[in-house]
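Coordinate analysis (summary)
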Amino acid sequence: METTFGGHKVNYYFRLILQNVLHLKKPPRKISLWNAYVSKELRRINDEEPEKTVRVSSSEIIKGLGETWASMTAEEQEAVAGEELKKLKERQEGRRQGVHNVTLNAFNDTRATLASVVSQLEECHGRTENEFVLLAVRSKHDDYNPPYVFYTGDRIANFVEIVTKNTIQDFAVKLEAYCISGVDGVARTAQQETLELKHKVKELILQKLQETCTRTTVVKMFYVNFEDHMTLKYGIIIKNWPIKRFAAPGKLSRVELEVLLSAWTNGSTAFIELNNEDWTAW
């Protein structure tokens, strides 16, 4: 094809061939009047003789129905099976698009569909080198499926983390929270996380203060008039406070709290206990 048509390299035509034979969506099986007639008659026979369950695989029954069907005119066939055909088509559409009433069925359907879609995306990624990301989350508390995350390259995960300040897995969890409870639920979750972060930073700073101070046991950290309460009394100073505001964690934003937590954890910010000479000079 490259030699005959030109314009593209071999790899282009290779991908073109692969994608032309790919069928992502299979059409539903077509239901005919004959199918509807067989369904209707088998149900009638089984209702009349419940002790004998007759199935479509019964060649003798199907042969008899076929002979009767062949003897009918097109109008008679329509009159006998038309309504049943309509019901079968509605049932088929309901299975394909209808909302599941049973949670377990919904879970199994979700799992199987995701497996099929992921397989197709992986194959497409291999052929085209395009990147894909797929997130699937539940919308009701009583559903079983956990947040599902699929992506084809680390660049996608890195991008989500840069933009949202969350790992892609955490982002999926928060997306699920929104889908279940809406904006209020997400707001409550974020507020709770901020409160927990404030408490964590507060406890960490107090712990660092108590570890540094050897002259006495400090039970409280003071931010207002720090020099009078901490340096003058105990000879304690702070090295490299990382944000502009010097205030208690309870008064800081989430971004400021995250900076503080990182700084105190990695040691770039720390308490220093002055020796007696430096303390006296201070």
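So, here is what we can say about the structure in this document. Fair warning: this is a prediction, and the values are worked out from it, not measured in the lab.

With respect to the helices and strands, T128 occurs in helix 6 (residues 103-128). Here C124 takes part through its backbone oxygen, which lies 2.7 Å from a polar atom of the side chain of T128. In terms of polar contacts, T128 uses its side chain to reach the backbone amide nitrogen of N130, at 3.1 Å.

A few words now on the nonpolar core. By size, the foremost hydrophobic cluster in this structure holds 22 residues, and its most contacted members are I205, L209 and F271. Looking at this core, the elements with two or more residues in it are helix 8 (168-212), helix 9 (226-234) and helix 10 (254-266). Counting residues per element, this core draws most heavily on helix 8, which supplies 6 residues. In this structure, L209 is in contact with V218, K220, M221, M230, I236 and F271, ignoring residues within four places of it in sequence.

The next thing to look at is the packing of helix 3 (residues 33-48) against helix 4 (residues 59-70). Here helix 3 crosses helix 4 at 125 degrees, and the two axes come no closer than 11 Å. With respect to each other, helix 3 and helix 4 are oriented oblique. Seen from above, helix 3 lies across helix 4 with right-handed handedness. Of helix 4, the residues touching helix 3 (which contributes L33, W34, Y37, V38, E41, L42 and I45) are I61, I62, L65, G66, T68 and W69. Considering only residue class, the contact of helix 3 with helix 4 consists of 10 nonpolar, 2 polar and 1 charged.

On to the pairing of strand 1 (residues 133-136). Each regular strand shows side chains that alternate between the opposite faces of the sheet. Residues L134 and A136 line the buried face of strand 1, whereas the alternating positions V133 and L135 sit on a face that is not buried. Examined bridge by bridge, strand 1 and strand 2 (residues 148-151) share 4 bridges and lie antiparallel to one another. Among the inter-strand pairings, A136 is bridged to a residue of strand 2, identified as Y148.

For any pair of aromatic rings, geometry is given as the distance between the ring centres together with the angle between the planes. In this structure the tally under the stated criterion is 9 aromatic pairs. For the pair F226 and F246, a centre-to-centre distance of 5.6 Å together with 80 degrees between the ring planes defines the contact as edge-to-face. Taken together, the residues F226 in helix 9 and F246 in the loop between strand 3 (236-239) and helix 10 connect sequence positions 20 residues apart. Classification of F246 by relative accessible area gives partly exposed; the value is 33%. Put simply, the rings of Y223, F226, W241 and F246 touch in pairs and so form one group of aromatic residues.

The rules behind these values
Residues numbered from 1 in each chain as written. Predicted model: local features only at pLDDT ≥ 70, side-chain atom pairs only at ≥ 80, totals over all residues. Heavy atoms only, no water. Helix = DSSP H or I, 4+ residues; strand = E, 2+ residues; numbered from the N terminus. Polar contact = N/O pair within 3.5 Å; in protein donor to acceptor, adjacent residues only side chain to side chain. Core = buried A, V, L, I, M, F, W, Y, C linked by side-chain atoms within 4.5 Å. Buried < 20%, exposed > 50% of the residue type's maximum accessible area, 1.4 Å probe, protein only. Contact = heavy atoms within 4.5 Å. Axes fitted to C-alpha atoms, helices over the stretch in contact; angles between N-to-C directions. Parallel < 35°, antiparallel > 145°, perpendicular 65-115°, else oblique. Left-handed = near helix turned anticlockwise from the far one by under 90°. Nonpolar A, V, L, I, M, F, W, Y, C, P; charged D, E, K, R; others polar. Pairing = 2+ DSSP bridges. Phe/Tyr/Trp six-rings, centres within 6.5 Å; stacked < 30°, edge-to-face > 60°.

The values are spatial; any link to function lies outside them.
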